[in-house]
Amino acid sequence: MKKILFTAIFSLGLFGADLSFKTLQSDFVQVVNSKDSIVNYTGTFYAKSDNTALWIYKSPTPKKIYFNKTHVVVIEDELEQAVITSLDDTPNLTLILSSAKKITSELYKASYDGTDYFISIKNGVATAIDYADKLDNKIKITLKNLKKDIAISKELLTPKIPQNYDVVTQ
């Protein structure tokens, strides 16, 4: 879960490294290669420049991850559960990404906490993010059908926790 959260948080900021946007919407495929397995996640991503975002994971397990400036809310319908986490311990992505270095016209590199993130750029937008985590998992997030500066409603990015769900606050 933490791996997915950090990837989602980090990826949200990647679009701002040297690229400006008001809103973004994209389908994504996230592939995690470990020593023993390969897991493919798919879904859709929505973000606004005010640091609000929503990642809707469709497979292998449906879930919604909402971000605002202070909290992350993960809603897992199969578990009838919502997990609310503070962003107090989350690194300042703006500072990390402001240090991203242009390697070529289509590749940037950002480093944080001993991990190098390689950001592929095409036509001025991020198309993929590659990195290896501290457990030697290789992670690639590919963005498809990216739409920039389209209308995204505030309601879409606001979590709606059903009354019968367990709420876990961390």
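Scroll up a little and you will see the structure.
Remember, predicted model here, so these are calculated numbers, not experimental data.

Calculation rules
Residues numbered from 1 in each chain as written. Predicted model: local features only at pLDDT ≥ 70, side-chain atom pairs only at ≥ 80, totals over all residues. Heavy atoms only, no water. Pairing = 2+ DSSP bridges. Helix = DSSP H or I, 4+ residues; strand = E, 2+ residues; numbered from the N terminus. Axes fitted to C-alpha atoms, helices over the stretch in contact; angles between N-to-C directions. Buried < 20%, exposed > 50% of the residue type's maximum accessible area, 1.4 Å probe, protein only. Contact = heavy atoms within 4.5 Å. Phe/Tyr/Trp six-rings, centres within 6.5 Å; stacked < 30°, edge-to-face > 60°.

Asks: Describe the sheet that holds strand β4 (residues 63-67), and please don't skip the residues or the numbers.
Replies: Sheet architecture is open: twelve strands sit in the order β7-β8-β9-β10-β11-β1-β2-β3-β4-β5-β6-β12, paired in mixed fashion. Unpaired on one side and paired on the other, β7 (101-104) and β12 (166-169) mark the two borders of the sheet. Strand-to-strand, the axes of this sheet are offset by a mean angle of 20°, without reference to chain direction. The sheet contact formed by β7 and strand β8 (residues 107-112) spans three bridges and is antiparallel.

Asks: Account for the pairing of strand β5 (residues 71-76), naming residues and giving values.
Replies: Side-chain direction in a regular strand flips from residue to residue, so the side chains alternate between the two faces of the sheet. Within β5, five of the six residues are buried, which leaves it mostly tucked inside the rest of the structure. Of the strand pairs in this sheet, β4 and β5 are connected by four bridges, and their pairing is antiparallel. The partner of Tyr-66 across the bridge, within β5, is Val-73. The turn joining β4 and β5, which pair antiparallel and follow one another in sequence, is formed by three residues. Examined bridge by bridge, β5 and strand β6 (residues 81-86) share six bridges and lie antiparallel to one another. Bridging across to β6, Val-73 finds its partner in Ile-84. If you look at the hairpin formed by β5 and β6, you'll find four residues sitting between the two strands, and Glu-80 has a positive phi there, around 50°.

Asks: Go over the environment of Asp-166 with me, naming the residues and quoting the values.
Replies: Examined against the element boundaries, Asp-166 turns out to sit in strand β12. Apart from residues lying up to four places away in sequence, Asp-166 is in contact with Glu-80, Gln-81 and Ala-82.

Asks: Report on the packing of aromatic side chains, specifying residues and quantitative values.
Replies: Per the stated rule, a full pass over the model turns up six aromatic pairs. Aromatic side chains Phe-28 and Tyr-57 sit 5.1 Å apart centroid to centroid with 75° between the ring planes, which places their arrangement in the edge-to-face category. Linking Phe-28 in strand β1 (residues 23-33) with Tyr-57 in strand β3 (residues 52-59), this pair joins segments that are 29 residues apart in sequence. With a centroid separation of 6.4 Å and an interplanar angle of 25°, the aromatic rings of Trp-55 and Tyr-57 are classed as stacked. Residues Trp-55 and Tyr-57 agree in their burial class; the two are buried. Every member of this aromatic cluster is reached through a ring pair, and the members are Phe-28, Tyr-41, Phe-45, Trp-55 and Tyr-57.

That is the geometry; function is a separate question.
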